[in-house]
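# Structure at a glance
Residue-level listing of the chains:
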Amino acid sequence: MPGDYRNIYKTCRKAAGLTQEAAAERLGISVESVRAYESGQRVPPNEVVELMVILYNAQHLAYQHLRETNALYSSVVPEIRPRSVLEASAKLTNRIFRFAESHADRRLLRIAEDNVIDTQERPEFDAILEDLQEIVEAALELRCARESS
């Protein structure tokens, strides 16, 4: 697996305080499979990652696994960076306030009122969508930060 997340499976297992042997037993897979996933030799199937998310109490593992292994998912869902609860809360609140202060909600309604986004409205509409994407990203980061607190 490319990127910084190659050892995300190992990081989450260790954060949960489990050995490879204990994790393998609870996941119902072999220790060799755990080693292969953690070393990047093999990518775990989604069903195994789903069990890891539950066992390790690590929702962010699902996001990172899917971003790294599914092109469609990674093109739709923003990258989630690890943050403390304080950082993630501040980021989310700041993005929401910025959105509200710029009256983006009203501008969006004005653009959508006629159910057509014309060429003149498209740049503003795209900018509003980018702002909303930042809010979604910040909300997901807060959700993941909650797990590690």
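This text gives an overview of the structure that appears in the document. (Residues numbered from 1 in each chain as written. Predicted model: local features only at pLDDT ≥ 70, side-chain atom pairs only at ≥ 80, totals over all residues. Heavy atoms only, no water.)

Each helix and strand counted, the chain has nine helices and zero strands in total. In the chain, the succession of helices and strands from N to C terminus is α-α-α-α-α-α-α-α-α. By principal-axis analysis of the C-alpha atoms, the chain measures approximately 60 × 30 × 20 Å. Pairs at least 24 apart in sequence give 62% of the contacts found in the chain among residues at least 6 apart. Carbon together with sulfur atoms contributes 53% to the accessible area of the chain, which is approximately 9,200 Å² in total. Across the chain, the centroid of the 19 positively charged side chains sits 7 Å from that of the 24 negatively charged ones. (Helix = DSSP H or I, 4+ residues; strand = E, 2+ residues; numbered from the N terminus. Contact = heavy atoms within 4.5 Å. Areas by Shrake-Rupley, 256 points an atom, 1.4 Å probe, with all protein chains shown as cover. Lys, Arg positive; Asp, Glu negative; His and termini not counted. Charge placed at Lys NZ, Arg CZ, Asp CG, Glu CD.)

This paragraph deals with the pattern of salt bridges. The final tally for this structure, using the stated rule, is eleven salt bridges. For Arg35, the salt bridge identified is with Glu21, shortest N-O distance 3.6 Å. Placement of Arg35 in helix H3 (residues 31-39) and of Glu21 in helix H2 (residues 20-27) is noted, with a sequence separation of 14 residues between them. Note on Glu21: relative accessible area 42%, which makes it partly exposed. A salt bridge links Arg107 to Glu124; the shortest N-O distance between them is 3.1 Å. In this pair, Arg107 sits in helix H8 (residues 104-112) while Glu124 sits in helix H9 (residues 122-147), placing the two residues 17 residues apart along the sequence. Judged by its relative accessible area of 22%, Arg107 falls in the partly exposed class. (Salt bridge = Lys/Arg side-chain N within 4 Å of Asp/Glu carboxyl O. Buried < 20%, exposed > 50% of the residue type's maximum accessible area, 1.4 Å probe, protein only.)

Here we come to the nonpolar core. Counting residues in hydrophobic clusters, the biggest one holds 15 residues, and the most contacted among them are Tyr9, Cys12, Met52, Tyr56 and Leu61. The set of elements that each furnish at least two residues to this core consists of helix H1 (8-15), H2, helix H4 (46-56) and helix H5 (59-69). The element contributing the most residues to this core is H4, with five residues. Ignoring anything within four residues of it in the chain, the contact list for Met52 reads Tyr9, Leu27, Tyr37, Asn57 and Leu61. Grouped together as the second largest cluster of nonpolar side chains are eight residues, Leu92, Ala104, Ile111 and Ile135 included. (Core = buried A, V, L, I, M, F, W, Y, C linked by side-chain atoms within 4.5 Å.)

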